[in-house]
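Given next are the chains, with one letter for each unit.
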There are 2 protein chains.
Amino acid sequence: MSGLTAKGAATKARIVRTATDLILERGVGGMTLDEIRAGTATSKGQLFHYFPDGKRDLVAAIAEFQSGRVLEAQRPWLDQLDSWESWHGWRDAVIAHYRTLTHLHCSISALITELTPADPALAATVAAHADRWFDHLAAGVQKMRAQRRINPAADPHRLAMMVFTALQGGLLVMQAKNAIEPLEAALDGALLALESHRI
Amino acid sequence: MSGLTAKGAATKARIVRTATDLILERGVGGMTLDEIRAGTATSKGQLFHYFPDGKRDLVAAIAEFQSGRVLEAQRPWLDQLDSWESWHGWRDAVIAHYRTLTHLHCSISALITELTPADPALAATVAAHADRWFDHLAAGVQKMRAQRRINPAADPHRLAMMVFTALQGGLLVMQAKNAIEPLEAALDGALLALESHRI
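Residues numbered from 1 in each chain as written. Chains lettered and ligands numbered in written order. Predicted model: local features only at pLDDT ≥ 70, side-chain atom pairs only at ≥ 80, totals over all residues. Heavy atoms only, no water.

Engineer: Honestly, the side chain of T20 of chain A in this entry has me stumped. Any pointers?
Structural biologist: Residue and element names in this part refer to chain A. By secondary structure assignment, the location of T20 is in helix α1 (residues 6-26). A polar side-chain atom of T20 sits 2.6 Å from the main-chain carbonyl oxygen of V16. Setting aside its immediate chain neighbours within four residues, T20 contacts I62, F65, Q66 and R69. (Helix = DSSP H or I, 4+ residues; strand = E, 2+ residues; numbered from the N terminus. Polar contact = N/O pair within 3.5 Å; in protein donor to acceptor, adjacent residues only side chain to side chain. Contact = heavy atoms within 4.5 Å.)

Encoded structure:
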């Protein structure tokens, strides 16, 4: 937001926030710039001022905003993950966050899958947010390992990947079924698998 | 394929097979009917003859064909899943199948995610194939439970959902990373979680 006044930054943030809720509801494919303009009460000139590259810029901003919001919902647990209690607290926070959503397209993964064929560069930008999520989980597994709560013989990257894939699969099937149970089953399974490396 | 001669059925099958490989490579969004025609050496009249409803018909046929191919690659294990050996055999068969693919869009889930905003009815048809996959896993968990290989106190639907979400998440991240490791981590985690209910 460099070069923007405080008021400009606030307007841009408002557009991004409103557009995010629109895009989460309808998917990238179902969202036109005109619909964004209408939904955010923004003029063509304003939208171009804040997002010179159009929908592309806006999708990147939306991914960043939504990624921040999803990570925030997992705090403080996501920054800890250094005890079994914090892993279970994290699991509960993830479930609580998604339970409140009735949106169909609520995961960044869905956004990536939609973007991949049309715009690989933008898809990579969006994917970087998913990587940040993975990195938090990997840092947690490393802490558990350093504190010898899990067997140091287990590959920490692989364990983090196991939790991350369960999370993403849970979100994907949650969306397809419009039900929270798949996410619960996925995360409970991941924690059981993690705990099978307990020492 | 009712109403088609043997030759007609063979032609339709050839178009579906070739179109499937095209769509797996490029995604639904990146595939036009003209590209399908070119890729399958089919005339406009022929394509219309076999798929009167156009791309929609073709996508449904592709989903069915690809679903059958994916399930076939998991046999005979997928129909068994009544011993720990068969679960591990199944895991290996899934990995072996996807290891040979260099396609980006190789999962039915990706197809569903792409279709959902644009065509919910078609997305539901495609999703039904994913449900068949789930049903095989659920039948396996039921057998393990009936044979008291897993604790009967564990909810079998939930355990099957846990394996299914891990599988879908593994496939999703495999695609995003273009690497087999996420799928391996996901399935190994699911089997560990399943085995934690061993009696």
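Engineer: Is there a simple way to think about unusual backbone geometry in this case?
Structural biologist: Most peptide bonds take the trans form, and the phi angle of most residues other than glycine is negative. With omega at 5°, the peptide bond leading from R75 of chain A into P76 of chain A counts as cis. Of note, P76 of chain A is situated in the loop between α4 (55-73) and α5 (77-80). For A41 of chain B, which is not glycine, the phi torsion reads 50° and is therefore positive. Residue position: A41 of chain B is located in the loop between α2 (33-40) and α3 (44-50).

Engineer: Whenever I open this one, the UniProt feature "DNA-binding region" (unreviewed entry) in chain A confuses me. Can you help?
Structural biologist: What UniProt calls "DNA-binding region" (unreviewed entry) maps, in this numbering, to residues 32-51 of chain A. The distance separating the terminal C-alpha atoms of residues 32-51 of chain A is 14 Å; by composition the span is 75% helix and 0% strand. (UniProt positions renumbered as here; feature names shortened; annotations may be inferred.)

Engineer: Please explain the pattern of salt bridges as it appears in this structure.
Structural biologist: Pairs may arise between side chains of opposite charge once their charged atoms sit close together. Residues and elements named next belong to chain B. Per the counting criterion, the structure on display carries 22 salt bridges over all chains. The residue R69 makes a salt bridge to D21 at a minimum N-O spacing of 2.9 Å. On the criterion of sequence distance, the pair formed by R69 in helix α4 (residues 55-73) and D21 in helix α1 (residues 6-26) is long-range, its members being 48 residues apart. Overall, D21 belongs to the partly exposed group, its relative accessible area being 30%. A salt bridge links R91 to D92, with the shortest nitrogen-to-oxygen separation between them at 2.9 Å. (Salt bridge = Lys/Arg side-chain N within 4 Å of Asp/Glu carboxyl O. Buried < 20%, exposed > 50% of the residue type's maximum accessible area, 1.4 Å probe, protein only.)

Engineer: Help me understand the packing of aromatic side chains in this model?
Structural biologist: Two numbers describe a pair of aromatic rings. These are the distance of the centres and the angle of the planes. Residue and element names in this part refer to chain A. One pass over the full model with this rule turns up four aromatic pairs over all chains. Ring geometry for W87 and W90: centres 5.8 Å apart, planes at 85°, overall edge-to-face. In this pair, W87 and W90 both sit in helix α6 (residues 84-99), three residues apart, roughly one turn of the helix. (Phe/Tyr/Trp six-rings, centres within 6.5 Å; stacked < 30°, edge-to-face > 60°.)

Engineer: Would you explain α6 of chain A in this entry?
Structural biologist: Every α-helix winds through 3.6 residues per turn, so residues three or four apart in the chain are directed the same way. Given a rise of 1.5 Å per residue, 16 residues ought to cover 22 Å, and the 23 Å separating the end C-alpha atoms of α6 of chain A matches this to within 8%. All of the buried residues along α6 of chain A are W84, S86, W87, G89, W90, R91, A93, V94, I95, H97 and Y98 of chain A. In this fold, the buried residues of α6 of chain A make contact with α4, α5, α8 (120-146), α9 (156-177) and α10 (181-195) of chain A together with α9 (156-177) of chain B. (Expected span 1.5 Å × (residues − 1).)

Engineer: I'm lost on the packing of α9 of chain B against helix α10 (residues 181-195) of chain B in this one. Help?
Structural biologist: Geometrically, a packed helix pair is captured by the angle between its two axes and the distance between the axes. Residues and elements named next belong to chain B. Between α9 and α10, the shortest axis-to-axis distance is 7 Å and the interhelical angle comes to 170°. As judged from the angle between their axes, α9 and α10 are roughly antiparallel. Residue-level contacts link L159, M162, V163, A166, L167, G170, L171, V173 and M174 of α9 to P182, L183, A186, L187, A190, A193 and L194 of α10. When the residues that make up the contact of α9 with α10 are grouped by side-chain class, the tally is 15 nonpolar, one polar and no charged. (Axes fitted to C-alpha atoms, helices over the stretch in contact; angles between N-to-C directions. Parallel < 35°, antiparallel > 145°, perpendicular 65-115°, else oblique. Nonpolar A, V, L, I, M, F, W, Y, C, P; charged D, E, K, R; others polar.)

Engineer: Teacher, can you tell me more about the environment of R149 of chain B here?
Structural biologist: All names here are of chain B. Within the secondary structure, R149 is located in the loop between α8 (120-146) and α9. The partly exposed category is assigned to R149, whose relative accessible area is 32%. Distance in space between the C-alpha atoms of R149 and S83 is 7.7 Å, their sequence separation being 66 residues. Other than its neighbours up to four places away in sequence, R149 contacts D82, S83, W84, M144, H197, R198 and I199. At 2.9 Å, the side chain of R149 and the side chain of Q147 are in polar contact.

Engineer: Would you mind going over the side chain of E184 of chain B with me for this structure?
Structural biologist: The residue E184 of chain B is located in helix α10 in this model. On the basis of relative accessibility, which here comes to 12%, the residue E184 of chain B falls in the buried class. A polar contact is formed between the side chain of E184 of chain B and the side chain of R99 of chain B, at a distance of 2.9 Å. Once residues lying within four places of it in the same chain are set aside, the contact partners of E184 of chain B are R158 of chain A together with R91, I95 and R99 of chain B.

Engineer: What is the right way to look at the environment of T125 of chain B in this model?
Structural biologist: All names here are of chain B. Within the secondary structure layout, T125 lies in helix α8. The class of T125 is partly exposed, set by a relative accessible area of 39%. With 62 residues separating them in the primary sequence, T125 and A63 have C-alpha atoms 8.5 Å apart.

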